[in-house]
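Overview (structure and organization)
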Amino acid sequence: MIQSLNPDQIAAITSGEIVGPGVTTAIRRIAIDSRQVIDSAHTLFVALKGAKVDGARFIPDLIAQGVSVFLISKTEKSNFPGITLICVEDTKVALQKLAEYQRSFFPNPLIAVTGSNGKTIVKEWLGQVLSERFLVAKSPKSYNSQVGVPLSVFGMEGFHQVAVMEAGVSQKGDMKALAGILQPDLGIFTNIGAAHDEGFADRNEKIKEKLTLFQKVKLLIYCSDHPEINEVIRQKIDPEKLISWSDRPGADYTRSVKILEQGARIILMKSDLSTHTFFTQFSDKASLENVTHVIIAALTLQLNPEQIQQGLQHLKPVDMRLTLKAGINDCSLIDDTYNNDLEGLRIALDFMKMQRPKSRKILIISDLLQQGSPDHWCPEVVNLIQNHGIDWVLGVGKSIRAIGDQWKGKIDFFETTQEMLDGLKPEFFQNDLILVTGARAFGFESVINLLQQRIHGTVLEINLNALTHNFNFIKKRLHPDTKVMVMVKAFAYGGGAVEISNHLQTLGADYLAVAYTDEGVTLRQHGIKLPIMVMNPLEESFHLLRQFDLEPVVFSLEFFKKLNRWCFEQDAALKIHLDLDTGMHRLGFEAGDLAELRIELQHTKNLKIASIYTHLVGSDEQIHEEYSREQLENFQHMKDSILEVLDEKPLIHALNSGGIIRFPEYQWDMVRLGIGLYGIEVTGNHDSALKSVSTLKTTVSQVKSLAPGETVGYSRKGMMEKGGKIATLPIGYADGFDRRFSNGKGYVLIHGKKAPVIGNVCMDMVMVDVTGMAVRTGDEAVVYGQEISLKELSERIGTIPYELLTNISSRVKRVYYLD
Ligand SMILES: *Cc1c(COP(=O)(O)O)cnc(C)c1O
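Residues numbered from 1 in each chain as written. Predicted model: local features only at pLDDT ≥ 70, side-chain atom pairs only at ≥ 80, totals over all residues. Heavy atoms only, no water.

Cut-off, in case you're wondering: UniProt positions are given in the numbering used here, feature names are shortened, and annotations may be inferred rather than shown by experiment.
By the naming in an unreviewed UniProt entry, the protein chain goes by Alanine racemase and is assigned to Algoriphagus hitonicola. Taken from UniProt, the Sequence similarities (unreviewed entry) comment for the protein chain reads in full: "Belongs to the alanine racemase family." Note on the protein chain: under the UniProt heading Pathway (unreviewed entry), the record states "Amino-acid biosynthesis; D-alanine biosynthesis; D-alanine from L-alanine: step 1/1."

**Describing the site of the ligand**
Going by this rule: Throughout, the term near means that a residue has one or more heavy atoms lying within 4 Å of the molecule or strand in question. Any N or O atom pair separated by 3.5 Å or less is treated as a polar contact, with the protein-specific requirement of one donor-capable and one acceptor-capable atom, and with residues adjacent in sequence counted only for side-chain atom pairs. The Shrake-Rupley method, run with a 1.4 Å probe sphere, supplies the accessible areas, and residue values consider only the shown protein chains as cover. Note on definitions: the grid is 1 Å and covers protein atoms alone; a cavity is a set of points where a 1.4 Å probe fits but cannot get out; a pocket is an open set with protein on both sides within 12 Å along at least five of seven lines; lining residues have an atom within 4 Å of a point. Put plainly, a molecule is in a cavity or pocket when over half of its atoms are within 2 Å of the grid points there. Side-chain classes are defined by residue name, with Ala, Val, Leu, Ile, Met, Phe, Trp, Tyr, Cys and Pro counting as nonpolar, Asp, Glu, Lys and Arg as charged, and the others, Gly among them, as polar.
As a structural note, the neighbourhood of the ligand is formed by Met-487, Lys-489, Tyr-493, Met-535, Arg-586, His-615, Asn-656, Ser-657, Arg-672, Gly-674, Ile-675 and Tyr-802. Within the backbone of Gly-674, one N or O atom sits 3.1 Å away from an oxygen atom of the ligand. Compared with its free state, where it exposes 390 Å², the ligand has 95% of that area covered by protein. Taking a 2 Å distance to the grid points as the criterion, the majority of the atoms of the ligand fall inside the second largest pocket. Class assignment of the residues belonging to the shell around the ligand gives a composition of five nonpolar, four polar and three charged.

**Remarks on helix α18 (residues 497-507)**
Three or four residues apart is the spacing at which side chains of an α-helix point the same way, because the helix has 3.6 residues per turn. The criterion, for reference: Summary of the burial criterion: residues with accessible area below 20% of their type's maximum are buried, those above 50% are exposed, and those between are partly exposed, where the area comes from a 1.4 Å probe applied to protein chains only. Only DSSP runs of H or I with at least four residues qualify as helices, and only runs of E with at least two residues qualify as strands; both kinds are numbered from the N terminus onward.
Most of α18 sits inside the fold, with nine of its 11 residues counted as buried. Where α18 is concerned, the buried positions are Ala-497, Val-498, Glu-499, Ile-500, Ser-501, Asn-502, His-503, Leu-504 and Leu-507. A positive backbone phi angle near 90° is found at Gly-508, which sits one or two residues after α18.

**Some remarks on the side chain of Asp-735**
Which entries qualify depends on this criterion: Pairs of residues are marked as contacts when any of their non-hydrogen atoms sit within 4.5 Å.
Assignment of secondary structure puts Asp-735 in the loop between β34 (724-729) and β35 (747-750). Apart from the residues lying within four places of it in its own chain, the contact partners of Asp-735 are Pro-730, Met-763, Asp-764, Asn-807, Ile-808, Ser-809, Arg-811 and Val-812.

**Structural notes on the UniProt feature "domain: Alanine racemase C-terminal" (unreviewed entry) in the protein chain**
Mapped onto this numbering, the UniProt entry annotates "domain: Alanine racemase C-terminal" (unreviewed entry) at residues 693-817. For the annotated span residues 693-817, helix accounts for 10% and strand for 36% of the residues, and the straight-line distance between the end C-alpha atoms is 10 Å.

**Section: the pattern of salt bridges**
Note the following rule: A carboxyl oxygen of Asp or Glu within 4 Å of a side-chain nitrogen of Lys or Arg is what we treat as a salt bridge.
Counting across every chain of the model gives 36 salt bridges. A salt bridge links Glu-499 to Arg-356, with the nearest nitrogen and oxygen atoms 2.8 Å apart. Remark: Arg-356 occurs in the loop between α11 (342-354) and β17 (361-366) and Glu-499 occurs in helix α18; sequence separation between them is 143 residues. Of the residues examined, Glu-499 reaches a relative accessible area of 13% and is grouped as buried.

**Some points on the packing of helix α22 (residues 594-603) against helix α23 (residues 625-643)**
Applied cut-off: Whenever a helix is involved, its axis is fitted only over the stretch in contact; in every case the axis is a line through C-alpha atoms, and angles between N-to-C directions fall within 0 to 180 degrees. Small angles under 35 degrees read as roughly parallel and large ones over 145 as roughly antiparallel, with 65 to 115 read as roughly perpendicular and the rest as oblique. In this scheme, a crossing is called left-handed if the near helix is turned counterclockwise away from the far one by less than a right angle; it is called right-handed if the turn is clockwise.
Between α22 and α23, whose axes approach to 9 Å, the crossing angle comes to 30°. Between α22 and α23, the crossing angle belongs to the class labelled roughly parallel. The element α22 and its partner α23 pack so that their crossing is right-handed. Between α22, through Leu-594, Leu-597, Arg-598 and Leu-601, and α23, the contact on the second element is made entirely by Met-638, Ser-641 and Ile-642.

**Overview of unusual backbone geometry**
One non-glycine residue, His-585, adopts positive backbone phi at about 55°. Positionally, His-585 belongs in the loop between β26 (574-580) and α22. The exposure class assigned to His-585 is exposed, which follows from its relative accessible area of 60%. In the Ramachandran plot, Trp-668 falls in the positive-phi region, its phi being about 45° despite a non-glycine side chain. By the secondary structure assignment, Trp-668 is in the loop between α24 (657-662) and β29 (670-673).

**Structural notes on the domain arrangement of the protein chain**
Using the following cut-off: Residue ranges assigned to each domain were obtained from an automatic or database domain assignment.
You can read the domains of the protein chain as domain 1 (7-92), domain 2 (106-314), domain 3 (322-454), domain 4 (462-678) and domain 5 (694-818). Taken over C-alpha atoms, the centre of domain 2 sits 52 Å from the centre of domain 4.

**Topic: the packing of aromatic side chains**
Here is the rule: Each Phe, Tyr or Trp ring (for Trp, its six-membered ring) is paired with any other whose centre lies within 6.5 Å, and the angle between the two planes then decides the class: stacked below 30 degrees, edge-to-face above 60, tilted in between. By definition, being over a ring means that NZ of Lys or CZ of Arg is both within 6 Å of the ring centre and within 35 degrees of the ring normal.
In the structure shown here, the tally under the stated rule is 13 aromatic pairs. The ring of Trp-392 has Lys-410 sitting right over it, with the charged end atom 4.2 Å from the ring centre. The ring of Tyr-747 has Lys-754 sitting right over it, with the charged end atom 4.6 Å from the ring centre.

**Let's talk about helix α16 (residues 464-477)**
The line we're drawing: Helix span is expected to be 1.5 Å times the residue number reduced by one.
For α16, spanning 14 residues, the distance from its first C-alpha to its last is 20 Å, which sits close to the expected 20 Å at 1.5 Å a residue. Tucked into the core, α16 has its buried residues touching β21 (459-463), β22 (483-487), α18, α24, β29 and β39 (813-817). Where α16 begins, the capping side chain belongs to Asn-463, and its oxygen is found 2.9 Å from the backbone nitrogen of Asn-465.

**A word on the UniProt feature "modified residue: N6-(pyridoxal phosphate)lysine" (unreviewed entry) in the protein chain**
Under the UniProt annotation, the feature "modified residue: N6-(pyridoxal phosphate)lysine" (unreviewed entry) is placed at Lys-489. Its place among the elements puts Lys-489 in helix α17 (residues 489-493). Here Lys-489 falls in the partly exposed class, since its relative accessible area comes to 21%. Excluding its chain neighbours within four sequence positions, the residues that come into contact with Lys-489 are Ala-513, Val-514, Ala-515, Glu-519 and Met-535.

Laid out in structure tokens, this is it:
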């Protein structure tokens, strides 16, 4: 919440012009995301123009939700009856000005952290250590950008006794705005590294840029062992203000570290030779540097060494990313066990909203410890619970009970985490989406532990973050306006079409494509809204195309006429896609069909051409370069001749994954991304740039020792001449473990070591040679994934990665996670 403001005041602060009624609405919240609006009557929506979305697009929706005051760019100026628009030059700058204003109401110390690495960790850890004594406001997650910093400032409240904020820059000039907003009293400069080098002429310039943040600080903490930083800081900042530390004598604090069996001991000696000793469970260099910054900042803020040690005790490696884990009974778990504040809760609930809907949404939450009195935060939590449609709340702690007075949904309270764990049974949960979020002191890791699925047997793990990475890698290689159709045929190359399509929807894919109508129907039945092209729709499925809003590919004159006739009789309109055959010779119109097609097209009222495409036969291979180019040239002529007779211009597309890499000049309006999304770069030019999305894993069922001369499996194919040890794995050719991997052609990884297949692969099982390895029942075996490339495996048995991916049987469980 912010200091209450009316639109006139906002206009004055942002130099904006009011359009529409001048109202006196008290604005207490600022939102930049249409999904985050809670108290719409008192919310100002700031329409930012991002790379992906344009905030102004959401205005009509937001008006329907009850928002009546908007801050928009002058260029978007328009009129909505009864709505107040504040029009400004630049909405981002206006947001920053509002933050600057809000900042001026915070009288207590504000600590700003910047540097190349570790700023989020230092901010989090310092926030935790300081909470031994103070109520702390801190920026959520790694909110450190031109927009993240203002949002962080809006989270600072009157009751907070200290604020810890991080600031990051990616190019010259960025920091000035952040310095104006934060006006830090105390600064921490963590270190300097390669991140964002491309935005600056050199390191020196980057350090100077970062130092802009600290022009007006009272004190600046830094490590003088980084020569580049030391030099620039000494030039730029008044030495009176500096608090330096070093592993060598001469700094304000001289540090000596002793690595212990578990963790490390840090001794800090001041120039008056007084010393403080601390213990930490970390022993790696980066963590020790971060901890040292935290200790010195805490000392500077007058915490006593006992309080600091107490705080250090509980620090954990911070992974600020929210993770989605596979839970018991088909549940999905969102692990946010490190979180403790309202802003973090809001982010986690948003993240929850983006996941594929399950039966229920369940929130497991503890008291919020750094948010002042429950009178303040309980209504906010209730607000969030209502807005996010939570079905069941499990609350742990004393204060959280208060939400029961205001929220009438299903709710259970427990005094302690242990009490809840004792009361929970796995069968309470079934196909639910569960958010686990709580203050560190509640030890919610044990809740995650209880609810997390333990693998036994064979699973295919799908890492949705790797998918995001690959999607963005491809997207960056394309013109910003080029659309991306993603091929989710064949169960999304084996990964699971529904889950992956849902994820693609949130990533901003433009189109999906499937091979058959029923694949499209399944997607629709699971709430997928993107347009879907069906490549080979059969006649008996025409009514489904209409019913489920699917767009068939039309590939012959005969098919065109059939579909057109059906649509005419049914009085149905369908969007269709035309497949032109330029060499694939699978489906598609040939050059000789075009004259008649042009006539047909001019006479249909029911079929609308959404796109025209062709498919390359050898885009991945250099040797077919010339043929591919011929295909693309022929397509160019063929599609032009069709375009002549169309009133509206359809999308034109030709490139699959290989084509995107090799012929970007032919991207036209759209590309069709397939295997690249799933982490395989078929051209071999960017092998390391893509991340493997799926990992096929299984567990050892049994280990046996065999005497010399014994054989393994059917037909006695596996020979153990010298005897040895084998492990049996519960995966066979019926699961998609190819029988051609028999007799040493394939292998799995157990504890990172290769265990070759011995004997013939059976239908449901396979034996691997683990002679000389320490392997026990229940150990994990990786069949493929980041460490075993599918390309290599497929070459071993003379096939292609596509086949291995799509062969994984549907009886193998898919689990999805975001790491
Ligand atoms: C499968 C398919 C693609 C995707 O091919 P990848 O090589 O996996 O990128 C593109 N277009 C059509 C018509 C396809 O059938």
